[in-house]
Amino acid sequence: MTSLQNDKEATMRAVVVRTPGGPEALTVTEVPIPVPGAGQVLVRVEAAAVNPVDVATRTGMLIDAGLVSPRPVIGIGWDVAGRVDGVGEGVTEFAVGDRVIGLRDRLDLSIGAYADYLVLDAAALAPAPHGLSAVEAATLPLNALTASQALDLLDMPPGGTVLVTGAAGAVGGFAVELAAHRGWRVVANADASDEEFLRAAGAEWVVPRTDDLADAVRRLVPGGVDAAVDAAVLGLPVLGAVRNRGTFVSVVAGAAPTPLRGITVREQWVAADGAALARIAVLAENRRLTIRVAETFPLAHAVKAHHRLTEGKLRGRLVLVP
């Protein structure tokens, strides 16, 4: 429980979207502090990452794609790092004051992680990594879980070969490190200037974006790689690099190509998973994952953060700090 639950007047700030559009569509509003129900946890937000999917939410792309129903108020933000401020009935794994990270994976809510407080199912939370700040920890849930769950779909034994596109990006960078951690041989596709980072992350080969991808990969891995994680959403050029009856995973819904040559083609829809996130947190605190923060902004400056995101050329995540 939390004392806030007994104060019906207690309010907080939340960034919401009422009319989809540009960065200015983000508005800061005062709303009641939510109360955790059975199996839920109230988190006092200390940091919330800004992700490209937030742009898709803000502009209405998710509504157009049929992933979100039109609603008067749309919450925004997926990643959260903070401290437990209250627990609902039946929650025993977390206590008030615990440092946690979590993922809000439901799109049909009026409050997201861009807020002072957020209620999540206890099963969506994990202990925050020791030795990392809240800002650093907030960059983990969405991107690292997406990468990990995409790799889970490959189901390869150690020694298998995997191509990761967008390998220097947030999802791709974690995919390279997690794939190497699983004992797979990684071909990383990214800008040539990122080769040093990718080698350190565990990539055995680096293929610059300017190369003919399928031919370049097959020169390194004759016959093609066993699998590919297409974090850059390149589609067919990536499929051409995969061997017959291999596996292709897209991390963007609706972006998967036709499954030619017996290749298994799958789409990764990220899901909150506290147990998997806890394993990721351990890797992060043991410095097995590279944490990259580009810039931080106050919560009230979410519009500025979105303007900065649309400018691009970021290596790392933007993070809002209430």
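From a predicted model like this one, the values you see are computed outputs, not experimental measurements.

On to the overall build of the protein. A count of helices and strands for the protein gives ten helices and 16 strands. Scaling as 2.2 N^0.38, a compact globule of 322 residues should have a C-alpha radius of gyration of about 20 Å, and the protein matches this with 20 Å. Dimensions of the protein, computed from C-alpha atoms along their principal axes, come out at roughly 65 × 40 × 35 Å. In the protein, which comprises 322 residues, the share counted as buried stands at 52%. Pairs at least 24 apart in sequence give 64% of the contacts found in the protein among residues at least 6 apart. Carbon and sulfur atoms provide 52% of the accessible area of the protein, an area that totals close to 13500 Å². Taking the 29 positively charged and 35 negatively charged side chains of the protein as two groups, their mean positions are separated by 4 Å.

You can see Phe297 is positioned in strand E15 (residues 293-298). Look at Phe297 and you get buried, because its relative accessible area is 13%. Sequence-distant contacts of Phe297, defined by excluding residues within four places in its chain, comprise Lys304, Ala305, Arg308, Leu318, Val319, Leu320 and Val321.

As a further point, take the sheet that holds strand E9 (residues 161-165). The strand order E11-E10-E9-E12-E13-E14 describes an open sheet built from six strands, whose pairing is parallel. At either end of the open sheet lies a strand with only one pairing partner, and these are strand E11 (205-208) and strand E14 (264-267). Each neighbouring strand pair of the sheet contributes to a mean axis angle of 20°, computed without reference to strand direction. Here helix H7 (residues 213-220) sits on the sheet in contact with E9, strand E10 (185-190), E11, strand E12 (225-230) and strand E13 (242-250), set at roughly 160° to E11.

Under the definition given, this model contains twelve salt bridges. Put simply, Asp108 and Arg106 hold a salt bridge, and the shortest N to O gap is 3.0 Å. You can call Asp108 partly exposed: its relative accessible area is 41%. Using a relative accessible area of 45% as the deciding quantity, one classes Arg106 as partly exposed. Among the charged side chains, a network of salt bridges with common partners joins Arg44, Glu46 and Arg83.

Time to look at the pairing of strand E16 (residues 317-321). Within E16, four of the five residues are buried, leaving the element largely enclosed by the surrounding structure. Here three bridges tie strand E3 (residues 40-50) to E16, and the two strands are oriented antiparallel to one another. The residue of E16 that forms the bridge with Ala49 is Val319. Relative to E16, E15 runs parallel, the two being bridged by five bridges. If you follow Thr296 over to E16, its bridge partner there is Val319. Where the polypeptide runs from E15 across helix H10 (residues 302-311) and back to E16, its parallel neighbour, the crossover connection is right-handed.

Where helix H4 (residues 141-152) meets helix H5 (residues 170-181), the closest approach of the two axes is 8 Å, and the angle between their N-to-C directions is 50°. It follows that H4 is oblique to H5 by the angle criterion. Regarding H4 and H5, the two cross each other, and that crossing is right-handed. In this structure, H4 uses Asn143, Ala144, Thr146, Ala147, Ser148 and Leu151 to contact H5, whose residues at the interface are Ala170, Val171, Phe174, Ala175, Leu178 and Ala179. Split by residue class, the contact of H4 with H5 holds nine nonpolar, three polar and no charged.

The next subject is the layout of surface pockets. The space that makes up the largest pocket amounts to roughly 1400 Å³. Lining the largest pocket are 48 residues, and of these Pro52, Val53, Val171, Val251 and Val252 sit closest to its centre. Secondary structure elements with two or more residues in the lining of the largest pocket: helix H1 (52-59), helix H2 (61-64), H4, H5 and H10. In terms of residue count, the dominant contributor to the lining of the largest pocket is H5 (six residues). In the lining of the largest pocket, the residues fall into 28 nonpolar, 13 polar and seven charged. In this structure, the second largest pocket occupies an estimated 320 Å³ of space.

So, on to H4. Each turn of an α-helix holds 3.6 residues, which means side chains three or four residues apart point in the same direction. Over its twelve residues, H4 runs 16 Å from end to end, which matches the ideal 16 Å to within 8%, given 1.5 Å per residue. For H4, a buried count of eleven out of twelve residues is recorded, marking the element as mostly surrounded by other parts of the structure. Every buried residue belonging to H4 is among Pro141, Leu142, Asn143, Ala144, Leu145, Thr146, Ala147, Ser148, Gln149, Ala150 and Leu151, and all of these are buried.

Cut-offs used in this document
- Residues numbered from 1 in each chain as written.
- Predicted model: local features only at pLDDT ≥ 70, side-chain atom pairs only at ≥ 80, totals over all residues.
- Heavy atoms only, no water.
- Helix = DSSP H or I, 4+ residues; strand = E, 2+ residues; numbered from the N terminus.
- Rg over C-alpha atoms; globule rule 2.2 N^0.38 Å.
- Buried < 20%, exposed > 50% of the residue type's maximum accessible area, 1.4 Å probe, protein only.
- Contact = heavy atoms within 4.5 Å.
- Areas by Shrake-Rupley, 256 points an atom, 1.4 Å probe, with all protein chains shown as cover.
- Lys, Arg positive; Asp, Glu negative; His and termini not counted.
- Charge placed at Lys NZ, Arg CZ, Asp CG, Glu CD.
- Pairing = 2+ DSSP bridges.
- Axes fitted to C-alpha atoms, helices over the stretch in contact; angles between N-to-C directions.
- Salt bridge = Lys/Arg side-chain N within 4 Å of Asp/Glu carboxyl O.
- Right-handed = clockwise from strand over helix to strand, strands pointing away.
- Parallel < 35°, antiparallel > 145°, perpendicular 65-115°, else oblique.
- Left-handed = near helix turned anticlockwise from the far one by under 90°.
- Nonpolar A, V, L, I, M, F, W, Y, C, P; charged D, E, K, R; others polar.
- 1 Å grid on protein atoms, 1.4 Å probe; cavity = no way out; pocket = protein on both sides within 12 Å on 5 of 7 lines; lining within 4 Å.
- Points joined across faces, edges and corners; volume = space filled by probe spheres on them.
- Expected span 1.5 Å × (residues − 1).

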